Structures are given as structure tokens and as C-alpha cells.
Amino acid sequence: MTMPARRMSDIAPFHVMELLTRARQLEAGGRSIIHMEVGEPDFPTPPLVIEAAQAFIRDGHVFYTPALGIPALREAIARFYAERYGVSVSPQRIAVTAGSSGALLLALAVLLNPGDELLLPDPGYPCNRHFVRMLEGVPRALAVGPETNFQPTAGQIEQQWTSRSKGLLVASPANPTGTLIDATTMAGLAACVAERGGALLADEIYHGLTYALKETPLGGAPKEVRLGNASKEICLEHTGDTDTALALSDEVFVINSFSKYFGMTGWRLGWLVAPQRFVRDIEKLAQNLFISPSAPAQHAALAAFHPETIALLEARRAQFRSRRDYLLPELRRMGFRIAAEPGGAFYVYADCSRFATDSGKLAGEILEQAGVAITPGLDFGKNAPERHVRFAYTVAEDKLEEGLARLARHLRS
Ligand SMILES: Cc1ncc(COP(=O)(O)O)c(C=O)c1O
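Here goes a summary of the coordinates provided. (Residues numbered from 1 in each chain as written. Predicted model: local features only at pLDDT ≥ 70, side-chain atom pairs only at ≥ 80, totals over all residues. Heavy atoms only, no water.)

So, on to the overall build of the protein. A tally of regular secondary structure across the protein gives twelve helices and 14 strands. For 413 residues, the compact-globule estimate of 2.2 N^0.38 gives 22 Å, and the protein sits close to it at 21 Å. For the protein, the spread of C-alpha atoms along the three principal axes comes to 60 × 60 × 45 Å. Looking at the protein residue by residue over its 413 residues, the buried ones come to 54%. The contacts of the protein with a sequence gap of at least 6 include a subset with a gap of at least 24, amounting to 72%. Counting every atom, the protein has about 17900 Å² of accessible surface; 54% of that belongs to carbon and sulfur. (Helix = DSSP H or I, 4+ residues; strand = E, 2+ residues; numbered from the N terminus. Rg over C-alpha atoms; globule rule 2.2 N^0.38 Å. Buried < 20%, exposed > 50% of the residue type's maximum accessible area, 1.4 Å probe, protein only. Contact = heavy atoms within 4.5 Å. Areas by Shrake-Rupley, 256 points an atom, 1.4 Å probe, with all protein chains shown as cover.)

If you want it as C-alpha cells, here you go:
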């Protein structure tokens, strides 16, 4: 009898998807569930993006595109780097992919030989270690905690680097913690990895979803958005992700996506910026694995950079920020410990050890008894997952309030 390949026993399911299935079952049976487990924006696709897709499909010329993506989109992404970050990136270095998932797979596949190690923070985005395993590489977990903002340090890399280490993959803002790596620290990580002949991979999928604000006079740069009380005659400018790791060197691999800031998860579109000498290999691999990214999604994404779309996305960012500002103190008041400030993404990673020693069991009880779906730490690695749960603030304010009220009642009972 044929058996699954050995690697399959190392590939864990995405537990949050199983929790989601149970939540849907409960809903089908008439229960009301507040969804705080889902890692995708609750906002619909921006209207101009939908219009662009409809116009493209109506035309009927829906064919394969070049494997690295249509030139117009690669150029639009390069312009985005110039305008938002002031960084010049050649469109030739940009590969359009099926989400950042496709970008991660391509980047890791062109880098890793069997047995090569990739350093990854734990807790971290679960799929990464499975990609590495699938490529017969070895994921090497760097345990990170609140004392370093749940991000790895150069010291850790120095300690953990071995002759088999090939690189470091970081995310800023990160999933599940929402924490950021500041520009100086990122430069330190890049230098540390480069000194050892390794590659830095920076997952910037949550760029655009950061919530530090500073007041600036009205009439500033176009990326600024006026919020709240206009009579105050100020403008609140978002800060915190004005740096891309691409600014550090042409040797960094940067992964990004239309999924999160652009609110286009289901369109399955992202991109990879790679050092020029890897591009031909990435192209060969993309041709073989995918033939091309989705043509309708690419044509739709051209409208994602339109100023009207960006203004809408910035207004949504402001909403995410006010949700975070509401959720964070409420969770702390209830007794969750959140030791590192989640400055971005749409997650709060909370220590729930005051309530339970098994976060999986706790999340199950909260779902079944309180009707609130949250993600247990189990998905994010082996570093104290039983003590943590992740809250996603991807629900509207009224639902968020209802979810917290249910949670408070459940924890008091
Ligand atoms: C850190 C991180 N990277 C990559 C992804 C993959 O996203 P996508 O393939 O939709 O771009 C996710 C999705 O949640 C994520 O959280």
C-alpha cells in the first residue's frame, strides 16, 4: 500500500482553520459567533479594484500572463516603493506571485538545499516552517519573547548560526504578535546575516497596517490622512512602516502581498523582490510551478495603487487603529497579559495563563460556551503556545464590543 511521504508527518494542520470549521458548524446550528480568529480584513475589496477586474474579464482576454507577472503591475509595484518609501527598485527584480505564500515558496526554493537551516522566530507565522520542511530544509526556531518585542536579535543569530544556516526570515509587523522591528534593529539583523554569508528574508505583508501616529500640519505629503476633528487643524500622519528592508541593501528578499493592507486576500496576489541574480531562477521555478499568477487578479491590482483606493485604505487603517486602541486596554483589564505593544497588523497576542494552563482548551471553551472564536497559541510554534491566545481585530467595532462582553462574562463565571 502506498503511504504518504515522510515529510507529511512533520506538516501540522492550520489549527485555526479547524477552529473556524467548528465555529461555522455552531453557526449553522443557529448560534451567534463573534469571529476574532480570522487573519483577514473584514472590509470588502475596494470598488476601483472590483471595477478593474470586471472590465478586464468583460473583455474576455483572460489568458496566461508572463510567469513573473504583467509588466504594468511590476512597474506599479516599483513606483509604490519609490513613492511610499523613497526606495528605487527595478521592476526586473519584482515577481508577482499567488499571495505572499507564493513569494515565500519561491524565495525559499531558490535558496535552500536539502539540510540547510532557516532561522525563524517562534512564535511566528506557521506556514513558514512547513515550507522549509517541504523543501527538505530544517526550520530552526529562535524563541522570542516580550523582552525583545517578540522579535529576534543579532545576539541570538550569532549564537544559533551554524555552518548549515542559510538565512533568517522575519516579519514586521509580525503575526501573531503585531510587533515591529525598527529600522536600526533591521539593519543590525541584515548586517549580522550578511557577515555570515546568509540571506535576510523580510516579510512585509502587514506593511501599511501600523498605528503609530504623529501630528503634522495640514497640507503635508499626500500619504497623510485627515482624521477626526478637522477644526483642530492638524493631520495625523501614520508612522512606523516608512522603512522597507529594501532600503538596506539589494541583497534582501522582501515578500509582500495584496492580501492585508490592500484587503484582497481572496484574490491570491502578492509579490517578491529578490536580488537580481536570483530572478532568472525564480522565473524558471514560477513557470514550472504556477505558469503565471492569476490574470484577473493582476489587472484588478493595478487599481490598488490609485490615490482613491489608497485614501480608502488609509481610512481603514484608522479604523483598525481605533479597534486596537479599544481592544488592548480591555483585554488587559480582564487579566490578559500583553507585555509587548502590538504596533501593527491586526493581532493581539495575549498571555492567558491567569485563566488556564492549556490555551487550546481555553479557546475551545470560549468558542463553545461564550460564542467567541479566538486562536490558541498552538499554531504559532513551540515557545509557550499553551500560555497564549491570539485575538484578531478583524471585526467591526460593535461585534468587537459584543465579543469582549461575552468573554468577560465567561471569564467571570
Ligand atoms: C506573516 C504572514 N505571511 C504570509 C501570509 C500569507 O498571506 P497571503 O498568501 O494571503 O499573502 C500571512 C497570512 O496570514 C501572514 O500572516
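The next subject is the site of the ligand. Neighbouring the ligand are the residues Gly-99, Ser-100, Ser-101, Tyr-125, Asn-175, Asp-203, Ile-205, Tyr-206, Ser-257, Ser-259, Lys-260 and Arg-268. In the environment of the ligand, an oxygen atom lies 2.7 Å from a nitrogen or oxygen atom belonging to the backbone of Ser-100. Within the contact set of the ligand, an oxygen atom lies 2.7 Å away from a side-chain nitrogen or oxygen of Ser-259. About the coverage of the ligand: the protein hides 92% of its 400 Å² of free accessible area. It is helix α4 (residues 99–111) that provides the largest number of residues to the shell around the ligand, a total of three residues. Residue composition of the shell around the ligand, by class: three nonpolar, six polar and three charged. (Near = heavy atom within 4 Å. Polar contact = N/O pair within 3.5 Å; in protein donor to acceptor, adjacent residues only side chain to side chain. Nonpolar A, V, L, I, M, F, W, Y, C, P; charged D, E, K, R; others polar.)

For the structure on display, the rule yields 24 aromatic pairs. Where Phe-336 meets Phe-391, the ring centres are 5.3 Å apart and the plane angle is 80 degrees; that geometry is what we call edge-to-face. Of this pair, Phe-336 sits in the loop between α10 (307–334) and β11 (347–351) while Phe-391 sits in strand β14 (residues 388–392); the two residues are 55 residues apart in sequence, bridging distant segments of the chain. As far as the burial class goes, Phe-336 and Phe-391 line up, both buried. (Phe/Tyr/Trp six-rings, centres within 6.5 Å; stacked < 30°, edge-to-face > 60°.)

Geometrically, a packed helix pair is captured by the angle between its two axes and the distance between the axes. Interaxial distance between α4 and helix α5 (residues 127–134) falls to 10 Å at its minimum, and their mutual angle equals 40 degrees. It follows from the interaxial angle that α4 and α5 lie oblique. Here α4 and α5 pass one another in a crossing that is right-handed. Facing α4, whose interface residues are Ser-101, Leu-104, Leu-105 and Leu-108, α5 presents Asn-128, Phe-131, Val-132 and Met-134. Split into classes, the residues belonging to the contact of α4 with α5 amount to six nonpolar, two polar and no charged. (Axes fitted to C-alpha atoms, helices over the stretch in contact; angles between N-to-C directions. Parallel < 35°, antiparallel > 145°, perpendicular 65-115°, else oblique. Left-handed = near helix turned anticlockwise from the far one by under 90°.)

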